[in-house]
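Here are the chains, one letter per residue:
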Amino acid sequence: AVLILLGPPGAGKGTQARMLEGEFGLVQLSTGDLLRAAVAAGTEAGKAAKAVMEAGELVSDDIVINILRDRLAEPDCARGVILDGFPRTTVQAQALDALLAESGQGINAAISLEVDDAAMVTRISGRFTCGDCGEGYHDTFKAPKIAETCDKCGGTGMKRRADDNAETVASRLVAYHEQTAPLIAYYTSKGVLKSIDAMGDIDAIAAELGAIVKQAT
Ligand code: AP5
Ligand code: ZN
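To keep things clear, this report deals only with the structure shown in the data block. (Residues numbered from 1 in each chain as written. Chains lettered and ligands numbered in written order. Predicted model: local features only at pLDDT ≥ 70, side-chain atom pairs only at ≥ 80, totals over all residues. Heavy atoms only, no water.)

**Quick look at the packing of aromatic side chains**
Right, so step 1: Within this structure, the stated rule accounts for two aromatic pairs.
Right, so step 2: Taking the centre distance of 5.8 Å and the plane angle of 20° together, the rings of Phe128 and Tyr137 count as stacked.
Right, so step 3: A relative accessible area of 4% places Tyr137 in the buried class.
Right, so step 4: Centre to centre, the rings of Tyr186 and Tyr187 are 5.1 Å apart; their planes meet at 85°, and the pair counts as edge-to-face. No difference in accessibility class separates Tyr186 from Tyr187, as the two residues are buried.
Right, so step 5: Sitting over the ring of Tyr137, Lys142 keeps its end group 5.4 Å from the ring centre. (Phe/Tyr/Trp six-rings, centres within 6.5 Å; stacked < 30°, edge-to-face > 60°. Buried < 20%, exposed > 50% of the residue type's maximum accessible area, 1.4 Å probe, protein only. Lys NZ or Arg CZ within 6 Å of the ring centre and 35° of its normal.)

Below is the structure:
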């Protein structure tokens, strides 16, 4: 199965993808995570991406498509994937169609998480993740039970992202509306678009999303 989560920064793509991964045994593929790993490893792609990401702009299609293609070819992806943050441009969407066609696959559903821009700034500026297991948290909406300590693994190395500041968030929202929002029409025309209201609480959204995934796979 191939599922796509569409939505602006802070919509909850990563949070929901991690929950679906557990529930359905799918593999979460986040191009944001793959790019951050490339930056941390200092690869050529990472060097080219670093400043672009810190400015809140989109990394070039070539780089992102190459990273995604390599990851998609790894054996665990045969279980089915949930794409989080990819595709983000029409060029990327067309490249994905071509890649899937090579292996006789198609897209089961592209699910758009609908949210208000204003709320996204609050969500993103309160976000942090566990450096040990990657679990995501929020100062207000999803605080760990013991301050600075991961509920899942007990790790204490919480991390905040370099691009999670108010200025960069504004650029990321502009990039979303200009370059990514047109994909809603793209997937509507292919008959695979589903939309959900993603302003509610995390578990309610997860339940709605789970029902869509069950039906689509
Ligand atoms: P990426 O890592 O993909 O970031 P993003 O799209 O900006 O999305 P976020 O990770 O910020 O948000 P999310 O929707 O996953 O929300 P989350 O679940 O964390 O991309 C980063 C950069 O990499 C881009 O700017 C670009 O430069 C580059 N890039 C990546 N992919 C690319 C591509 N395909 N092409 C080109 N460039 C690319 O939730 C946010 C917070 O809110 C969390 O703290 C969470 O706990 C909380 N929360 C979640 N849901 C709820 C809820 N329902 N109610 C209250 N709080 C909630
Ligand atoms: Zn942890």
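Let us keep going from here.
**Points about the site of ligand 1**
Right, so step 1: Taken together, the neighbourhood of ligand 1 is formed by 32 residues, with Thr15, Glu57, Arg88, Arg127 and Arg172 sitting nearest.
Right, so step 2: In this structure, Val59 approaches ligand 1 through a main-chain N or O atom, which is 3.1 Å from a nitrogen atom.
Right, so step 3: Side-chain polar atom of Arg172 to an oxygen atom of ligand 1: 2.7 Å apart, as the coordinates give it.
Right, so step 4: Burial of ligand 1 by the protein chains amounts to 95% of its free accessible area of 1000 Å².
Right, so step 5: Considering each element in turn, the shell around ligand 1 owes the most residues, four residues, to helix H2 (residues 31–41).
Right, so step 6: Split into classes, the residues belonging to the shell around ligand 1 amount to 13 nonpolar, 10 polar and nine charged. (Near = heavy atom within 4 Å. Polar contact = N/O pair within 3.5 Å; in protein donor to acceptor, adjacent residues only side chain to side chain. Areas by Shrake-Rupley, 256 points an atom, 1.4 Å probe, with all protein chains shown as cover. Helix = DSSP H or I, 4+ residues; strand = E, 2+ residues; numbered from the N terminus. Nonpolar A, V, L, I, M, F, W, Y, C, P; charged D, E, K, R; others polar.)

**Notes on the nonpolar core**
Right, so step 1: Residues Ile4, Leu35, Leu83, Leu96, Ile107 and Tyr187 are the most contacted members of the largest nonpolar core, which totals 30 residues.
Right, so step 2: Contributing elements (two or more residues each) for this core: strand S1 (2–6), strand S2 (27–30), H2, helix H3 (44–54), helix H4 (61–72), strand S3 (81–84), helix H5 (90–102) and helix H8 (182–189).
Right, so step 3: Membership of the second largest hydrophobic core comes to 21 residues, among which are Leu3, Leu5, Leu20 and Leu26. (Core = buried A, V, L, I, M, F, W, Y, C linked by side-chain atoms within 4.5 Å.)

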